[in-house]
Protein chains: 2
Amino acid sequence: MTITGKNLIAGQWTGETEGGFTAFDANTHQPINTPFADATTEEVNTAIIRANEAFTTYSQLSAAKRAAFLRAIGEQINALGDELVEAACAETGLPAMRIQGERGRTVGQLGLFADLLEAGEYPAVIDKADADRQPLPKPDTRLGYLPLGVVGVFAASNFPLAFSTAGGDTASALAAGCPVVMKAHAAHPATAELVASAILKAIELCGLDKGVFSLLQGKNYAISSQIVTHPLVKAVGFTGSERVGMILQQQIYQRPEPIPFYGELGSINPQFLMPAKVDQDGEELAKTLVASLMMGQGQICTSPGVWAVIANKKGDHDNGDDSYTRFVNFAAETLSEQPAGVMLTPAMCASYNKAVEARKSIGGVELLATGLSGEQQQCSATLFTTDLKSFVNSPLLQEEIFGFSALIVRCADFAEMMQFIAVLKGNLAASIHAIDKDFDLARDVAQAVAHKVGRLIYNQVPTGVEVCASMNHGGPFPASTNIRTTSVGSEAIKRFQRPICYQNMPQELLPAILKC
Amino acid sequence: MTITGKNLIAGQWTGETEGGFTAFDANTHQPINTPFADATTEEVNTAIIRANEAFTTYSQLSAAKRAAFLRAIGEQINALGDELVEAACAETGLPAMRIQGERGRTVGQLGLFADLLEAGEYPAVIDKADADRQPLPKPDTRLGYLPLGVVGVFAASNFPLAFSTAGGDTASALAAGCPVVMKAHAAHPATAELVASAILKAIELCGLDKGVFSLLQGKNYAISSQIVTHPLVKAVGFTGSERVGMILQQQIYQRPEPIPFYGELGSINPQFLMPAKVDQDGEELAKTLVASLMMGQGQICTSPGVWAVIANKKGDHDNGDDSYTRFVNFAAETLSEQPAGVMLTPAMCASYNKAVEARKSIGGVELLATGLSGEQQQCSATLFTTDLKSFVNSPLLQEEIFGFSALIVRCADFAEMMQFIAVLKGNLAASIHAIDKDFDLARDVAQAVAHKVGRLIYNQVPTGVEVCASMNHGGPFPASTNIRTTSVGSEAIKRFQRPICYQNMPQELLPAILKC
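Residues numbered from 1 in each chain as written. Chains lettered and ligands numbered in written order. Predicted model: local features only at pLDDT ≥ 70, side-chain atom pairs only at ≥ 80, totals over all residues.

A. Examining the interface of chain B and chain A more closely. Between chain B and chain A, the residue contacts involve 49 residues of the former and 49 residues of the latter. For the side of chain B that touches chain A, the secondary structure elements donating two or more residues are strand S3 (125-127), strand S4 (141-147), helix H14 (439-449), strand S16 (453-458) and strand S17 (497-503) of chain B. Per element, the largest residue contribution to the side of chain B that touches chain A is 6 residues, and it comes from S17 of chain B. Taken together, the residues of the side of chain B that touches chain A sort by class into 27 nonpolar, 12 polar and 10 charged. One ladder, built from 3 bridges, connects strand S16 (residues 453-458) of chain A with S17 of chain B; its direction is parallel. Of the residues in S17 of chain B, the one forming a bridge with Arg455 of chain A is Cys501 of chain B. (Contact = placed C-beta atoms within 7 Å. Helix = DSSP H or I, 4+ residues; strand = E, 2+ residues; numbered from the N terminus. Nonpolar A, V, L, I, M, F, W, Y, C, P; charged D, E, K, R; others polar. Pairing = 2+ DSSP bridges.)

Here it is in structure tokens:
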């Protein structure tokens, strides 16, 4: 398939690519030849208006037909074959095996929502009429759900498939009955175009209104503003940095009509290393955490960025012989042997290096180890350490470094570990690493840290998010702008639906699931 | 019980009442003697800090104990006896029978949440581990819910019990495991104090931390701002005007940490009168709608404020003999015979009269009928009419008049009725009044108007909101600031909880409902 570089506006490939922007080959840092068109104001507007027109029929589509559509998208993505894998690898620097796995996850989550639709997307709540009730008769009331309308979705830099064009936000919005206007990530526009072409084929195969999906390419920030402030857009899904997410959030706040903004913004995913666990399994734990940190060069929202330990000899980590010191030394040694892979973009590599430099200059923070530099890029994994007081005094240490950098926070005792939890901001996930001997401490940590995270893990690392009904990928701010929702798993569909009560309605006017 | 006029701050009655504000007797328009203390900045802060301290134990309380607490509040409210009814009648002008009914509803909805807690407040979603899954083992993941933290609640003017101190927001927040800091409405502070004293007794009987509930009195707007912007407040419930609600919303937007704001702001609750129904049952329909409009002097959020009809002879409503004209004439005649009851406060009476005057001067709007003036107040019900074009051109006509005023919108044909729906803003409820002959039209109306309302009703009036599991009292803006939630019915609890995924957790650290 030839990449056109154009936008997909309700079935039409449009846009002027001459003089357009290019993606970079993550491995060579050279621009990739194809130029891409920045979507114009008119194209953005047309995409949204056509999506809103398509909403009328798409929102009425039976659950079975929506399910068939989602499965068709998955089939068409698979049908793209190696071309998709090659495009994504070139644009992100991620290895083919990772992209193949991510493709499986993407197709799998489309299937998960299809399964959900076929099984009945929500439980029917029906309170039948009771004409004899005193003092007043009880009317028949039934609780149903309606899709919200056009959804704007922003692709993520770090998951070119699973959190991008046909990723979780798109899948859950389409499953809910909402048309999607997708803003591609400028780092992987060819991947986006390929996936968009698969969605278009699925639309054609299912005979749907082509306004159901549009893809907007662009590097121009005005495109994003236009999407989130457009009166016909009724919800927005975003996965990215806190900085960009909060710009969009502020623009949404200016709307006359409030709409939900589902922003997944950043997380340091604290790891709690209980003392007996460190004593018994310190070396294995260090290996496990370093391996989790190195996944995707740490450019993963659930990367374990902060590790809290109880260091009995405060600050005495480099020449003692206690279990904490052994753990730290082993973690530093392990990390120092890690070769850097390729980062997603040259800009992200530069940002990572800048953030690492900034961290070096924070008072009370010490660089423990540096990994091996990459072959293509000047960057490497880093392991820092600090004490609780410095952590509390430096809010910057709670900001995610997007990349393979971890910070060990030394707590002098368990009370300090609880203080650490008290000052923590919101996170997507936290893990407690413990053995039976740690149980009393682990329980206190679990109770306190539960209120700071969307997912609480015991003796496993936070990377690797299961896509299933019981998953929650969200959490208190800044992990998410909307604490009550998840962007992964079948509950994600609820973000794009809302309740409606049908009172005394004739059977013929009720949704299928509420008839009886 | 002597009314102290003080604030209830975590079990302590505090505040300087000398020189404080007074409520008005709605019947006599005279100030009621007791002075009430405006809560000070320090009192507001103490209430919130103590609520947050109480959150630690209250959020851990078993569902059974939370249920017992809710029932105890209901029992203590009933134990206040006639004193509560008398206080509420004096402060609101509502008749005793209405207040007694509202007390029943208030106690009933505390019981509804208690039932929900006892039955298991959410369905357990458990995906067990699968060590053999390929390519990676599946971890054990379980979806639970946690309370958000301290909830700020604002009492409503028009429901001194059911939407105030121990009303739906308080009941659902306490049910969810959240402490409540309540801002009493300045129009009924004695009613608020009585109910707060009942909650305090229930807290004592159940042996709970007294920080679980505080009542703040006041007329000073700074109290409200302090509540909604306080970093320890994690959600806000509000029922009131769009003007005040949007001031609070804007203040919440300024917070570094976004929190959910559940504002129920206003609604005109359109009524769709299908032609065959008007032809067959016009007189009965007119009576029914006028009776619904007169409930509580129209000071009810589900009051039927706009009635859409198909008037074949456009503008020819006063001397024709068609069914539409007969309906309008009968509605006007019926309304003109309605005696005005007492409005909630002198200020609301004045606001109503001002809004009615403003409506009279809108181009294309005609006053059809005026009800009988009240004995105590100079105000009366009003019925206006306009054509679709004038409705479209005057956005003011979509703003709720808080009081017994309705507007008949004449649509020249069914196409105009569909245009009317297209321009409608969000509403709490809409009703379709139809007989079998109207069915095809009614179906089109139902499909279109569903996207504009939180509750869609067939052949019943919108007033009288059932408190049950299938109720939805919310809807698109401005009906609600949060389209995905309801403030009435058992689903209201979800506003104050959020999901958390427990991964690979030992049984001992799981909530009871997720153990197995």
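Resuming the write-up.
B. Examining the relation of the copies chain B and chain A more closely. If you rotate chain B by 180 degrees and push it 0.0 Å along the axis, it lands on chain A with an RMSD of 0.0 Å. This pairing of chains is accounted for by a two-fold axis. The rotation axis passes nearest to the C-alpha of Tyr253 of chain B in chain B, at a distance of 3.4 Å. In this assembly the copies share their binding face: 100% of the residues contributing to the interface of chain B also contribute to that of chain A. (Least-squares fit on C-alpha atoms with pLDDT ≥ 70 in both.)

C. Structural detail: the environment of Val233 of chain A. Tracing the backbone shows Val233 of chain A in strand S8 (residues 233-239). Setting aside residues up to four positions removed in sequence, Val233 of chain A forms contacts with Ile48, Val150, Gly152, Ile227, Val228 and Ile259 of chain A.

D. Just helix H13 (residues 414-423) of chain A, in detail. All names here are of chain A. For H13, every residue scored as buried is listed here: Glu416, Met417, Phe420 and Ile421. With its buried residues spanning 150 degrees around the axis, H13 presents them on a single face. Exposed and oriented more than 90 degrees from the buried face of H13 are Ala415, Ala422 and Val423. Residues of H13 that are buried in the fold lie against strand S11 (306-310), helix H12 (388-393), strand S14 (405-411) and helix H14 (439-449). (Buried ≥ 20, exposed ≤ 12 C-beta atoms within 10 Å, placed from the backbone. Arc of directions from axis to C-beta.)

E. Here's a closer look at the packing of helix H2 (residues 63-79) of chain B against helix H6 (residues 189-206) of chain B. All names here are of chain B. Taken N-terminus to C-terminus, the directions of H2 and H6 make an angle of 140 degrees; their axes are 8 Å apart at the nearest point. When the axes of H2 and H6 are compared, the pair comes out oblique. Every pair of crossing elements has a handedness; the one defined by H2 and H6 is right-handed. Here H2 contributes Lys65, Ala68, Phe69, Ala72, Ile73, Gln76 and Ile77 to the contact with H6, which in turn contributes Val195, Ala198, Ile199, Lys201, Ala202, Leu205 and Cys206. Residue composition of the contact of H2 with H6, by class: 11 nonpolar, 1 polar and 2 charged. (Axes fitted to C-alpha atoms, helices over the stretch in contact; angles between N-to-C directions. Parallel < 35°, antiparallel > 145°, perpendicular 65-115°, else oblique. Left-handed = near helix turned anticlockwise from the far one by under 90°.)

F. Structural view of the pairing of strand S6 (residues 180-183) of chain B. All names here are of chain B. Going residue by residue along S6, you find Val180 and Met182 tucked away on one face and Val181 and Lys183 tucked away on the opposite face as well. For strand S5 (residues 150-154) and S6, the ladder comprises 4 bridges, and the chain directions are parallel. Considered in S6, the bridge of Val153 is made with Met182. Handedness of the S5-helix H5 (residues 168-176)-S6 crossover: right-handed. Judged from the 4 bridges that link them, S6 and strand S7 (residues 213-216) form a sheet pairing that is parallel. If you follow Met182 over to S7, its bridge partner there is Leu215. (Right-handed = clockwise from strand over helix to strand, strands pointing away.)

Any functional reading would require information that these geometric values do not contain.
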